[in-house]
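An overview of the molecular structure
Here is what each chain is made of, one letter per residue.
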Amino acid sequence: MKKYRFPSLLLAVLVMVQLLSLPAFALEEPQLSCANAILVDANYDEVLYEKGGYDKVYPASITKVMTALLTLEAIDRGELSAQTQVTASQSATTIPEGSSTADIKAGETLTVEQLLYCLLLPSANEAAQILAETVGGDIPTFVEMMNQRAQELGCQNTHFANPHGFHDPEHYTTPYDITLFMKAAMEYELFQTIVTSPNYTLPVTQFHPEEPANGVSEERIIRNTNALTSNWKYLGYLYSKGTGGKTGSTDEAGECLVETAKDGDNYFISVIMNAQDVTLPDGTVKKGQFYNTIQLLDWGFANFHHTTISQDSAPVASVKVTLSDQTDQVMVKPEGVISRTLPKEVDVDNMETTINLFSDTVEAPVTEGQVLGTMTLSYEGEVYGVLDLVADSSVERSELLYRKAQVVEFFQNSGVKLLLAVVLVLIISNIVIVQQ
């Protein structure tokens, strides 16, 4: 059975690992016809399912999510606006043979917003290059920006070679990394609006005055390639919980889809890479990238929920206190909250707690809230989090007991003992000499 993995989010005392594995519950897995897949609870950055989720894959046009993200961030910085007019250059409109396109011609002027629609709906490669030149000054500089942003987002195995995803052996990522830049892009309202639009009408556009005849491009409709949002190309995949995604397809990458979805307070991101068509028992053939995405998301919504495992509660242990005449012990209690997205079948009441006190005793003074140990929560041997154990009250120090302890400690010092022994020997020697 696949392992369900979760990034560690809770406390600095947790082991510095990015993911934790859930034990093998009896939860039945989704049957997916794809090489790689991942499902993430985007509210809490917890990985609920992965199948080769950290393997290197070719992202194809899913790349354009990062291109859109950098464009939207440039708008945020005030470097341009959604309504900035951009004239397409000859270099930007020269794209590899076989590219997806919105038929934008050199000299044609569109707004940044219109270019984003062209980028994300029909997945136009020339729109990616036009935006790259607009934001980065030139395409190589923009690609450097893409790689830098990927590192900042925590992508561990991502390298971009172009802004559109046309195949290049040095252009790769992982399903998990895709969820990181998809989540970042979804923070922008304009991005959400675009990826949830089944289609968009490009108005009549003007050409640069220096261009030859045909100085305008007629109104045209561009359509979303994501069948979970649009039934333009494929019927039967519209998904009511879907909140937008991006397709990708090359011979090397296969059919791919990153999709976001919400159900109540749950917010998931799924990634399906290199999907194969699925033939149902009745002979119906389903497009794998869409069919598998719906399967995975429905499986996640049906089987997982976010729940509180532990939170601030009553004292769970005591620690002996010395140097105080106020009390001889202080109670410790867990501090903080641990919540996780778990399979619904997990009974959090059966979580096991392990108490680890730093010491059996502590010297006064003790301050309320002072950390004196940790409490580890686990289920069937798997650790889910660690909470600090803190003193539930303050304990004052007795100055008399403290001074007494200092005197005792002074005379217990080995150096002092040696010195006293030498002094004693000298005294005895002097007495003997006097008596003679």
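The rules behind these values
Residues numbered from 1 in each chain as written. Predicted model: local features only at pLDDT ≥ 70, side-chain atom pairs only at ≥ 80, totals over all residues. Heavy atoms only, no water. Phe/Tyr/Trp six-rings, centres within 6.5 Å; stacked < 30°, edge-to-face > 60°. Helix = DSSP H or I, 4+ residues; strand = E, 2+ residues; numbered from the N terminus. Buried < 20%, exposed > 50% of the residue type's maximum accessible area, 1.4 Å probe, protein only. Pairing = 2+ DSSP bridges. Salt bridge = Lys/Arg side-chain N within 4 Å of Asp/Glu carboxyl O. pLDDT = per-residue confidence, 0-100. Contact = heavy atoms within 4.5 Å. 1 Å grid on protein atoms, 1.4 Å probe; cavity = no way out; pocket = protein on both sides within 12 Å on 5 of 7 lines; lining within 4 Å. Points joined across faces, edges and corners; volume = space filled by probe spheres on them. Nonpolar A, V, L, I, M, F, W, Y, C, P; charged D, E, K, R; others polar. Axes fitted to C-alpha atoms, helices over the stretch in contact; angles between N-to-C directions. Parallel < 35°, antiparallel > 145°, perpendicular 65-115°, else oblique. Left-handed = near helix turned anticlockwise from the far one by under 90°. Expected span 1.5 Å × (residues − 1).

Turning to the packing of aromatic side chains, a few remarks are in order. Taken as a whole and judged by the stated rule, the model has eight aromatic pairs. Where Tyr49 meets Trp299, the ring centres are 5.6 Å apart and the plane angle is 70°; that geometry is what we call edge-to-face. You can see Tyr49 sitting in strand E4 (residues 46-51) and its partner Trp299 sitting in helix H7 (residues 288-303), a full 250 residues away along the chain. With respect to burial, Tyr49 and Trp299 carry one shared label: buried. Centroid distance Phe160 to Phe181: 5.9 Å. Interplanar angle 65°. Geometry classified as edge-to-face.

Glancing now at the pairing of strand E18 (residues 329-335). Relative to E18, strand E17 (residues 317-322) runs antiparallel, the two sharing four bridges. The residue of E18 that forms the bridge with Val319 is Val330. Here E17 hands over to E18 after six residues, with Leu323 in that stretch at a positive phi of 65°. Pairing analysis gives four bridges linking E18 to strand E23 (residues 382-391), with the strands arranged antiparallel.

Right, let's get into the pattern of salt bridges. The full count for this structure, using the stated rule, is eight salt bridges. Its salt-bridge partner being Glu152, residue Arg149 comes within 3.3 Å of it at the nearest N-O pair. Residue Arg149 and its partner Glu152 are located together in helix H4 (residues 139-152), separated by three residues, close to a single helical turn.

On to the confidence of the model for the protein chain, then. Segments scoring low in pLDDT should not have their predicted coordinates read at a detailed level. Scored by pLDDT, the protein chain comes out at a mean of 88, with 85% of its residues at no less than 70. Of the regions scoring below 50 in pLDDT, residues 1-24 engages in 79 contacts with residues more than four places distant in sequence or in other chains.

Moving on, we get to the layout of surface pockets. Taken as a whole, the largest pocket encloses approximately 550 Å³ of empty space. Around the largest pocket, the lining is made up of 29 residues, and of these Ser61, Ser100, Gly248, Ser249 and Glu255 lie nearest the centre. Those elements giving two or more residues to the lining of the largest pocket turn out to be strand E11 (242-250), strand E12 (254-263) and H7. Residue composition of the lining of the largest pocket, grouped by class: seven nonpolar, 15 polar and seven charged.

Another aspect to go through is empty space enclosed by the protein. With the rule as written, the count across this model stands at one cavity of 30 Å³ or more. Space inside the largest cavity adds up to approximately 40 Å³. Together, Val40, Ala42, Asp45, Tyr176, Thr179, Leu180, Lys183 and Ile269 line the largest cavity. Ranked by residue count, the leading element in the lining of the largest cavity is helix H5 (residues 175-185), at four residues. Tallied by class, the residues present in the lining of the largest cavity amount to five nonpolar, one polar and two charged.

A word on the sheet that holds strand E13 (residues 266-275). The sheet built from five strands is open, its strands ordered E4-E3-E13-E12-E11 with antiparallel pairing. Single-partner strands in this sheet number two, and they are E4 and E11. With strand direction ignored, the average angle separating the axes of adjacent strands in the sheet is 10°. Contacts between H7 and the sheet are confined to strand E3 (34-41), E4, E11, E12 and E13, with E13 contributing the most and set at about 145° to the helix.

As a further point, take the pairing of E12. Within E12, seven of the ten residues are buried, leaving the element largely enclosed by the surrounding structure. Judged from the seven bridges that link them, E11 and E12 form a sheet pairing that is antiparallel. When the bridges of E12 are listed, Lys246 appears paired with Val258. Once E11 ends, the chain turns through three residues before running back antiparallel as E12. As paired strands, E12 and E13 are joined by eight bridges and run antiparallel to one another.

As a further point, take the sheet that holds E23. A sheet is described by the order of its strands in space; here six strands give the open sequence E20-E22-E23-E18-E17-E21, paired in mixed fashion. The open sheet has two edge strands, strand E20 (352-357) and strand E21 (361-363), and neither has a second partner. Taken over all neighbouring pairs, the strand axes of this sheet differ in orientation by 35° on average, direction set aside.

Interhelical geometry of helix H1 (residues 64-76) versus helix H2 (residues 112-120) gives an angle of 165° and a closest axis separation of 10 Å. The angle between H1 and H2 falls in the class roughly antiparallel. Crossing of H1 over H2 shows left-handed handedness. Contacts between H1 and H2 pair Lys64, Thr67, Ala68, Thr71, Leu72 and Ile75 from the former with Val112, Leu116, Leu119 and Leu120 from the latter.

With that settled, consider helix H3 (residues 125-136). The terminal C-alpha atoms of H3 lie 16 Å apart, and with twelve residues this matches the ideal 16 Å at 1.5 Å per residue to within 8%. Of all twelve residues in H3, ten are buried; the element is thus mostly enclosed. The set of residues buried in H3 consists of Asn125, Glu126, Ala127, Ala128, Gln129, Ile130, Leu131, Ala132, Val135 and Gly136. Those residues of H3 that are buried lie in contact with H1, strand E5 (85-87), H2 and H4. Immediately downstream of H3, the backbone of Gly137 shows phi near 90°, a positive value.

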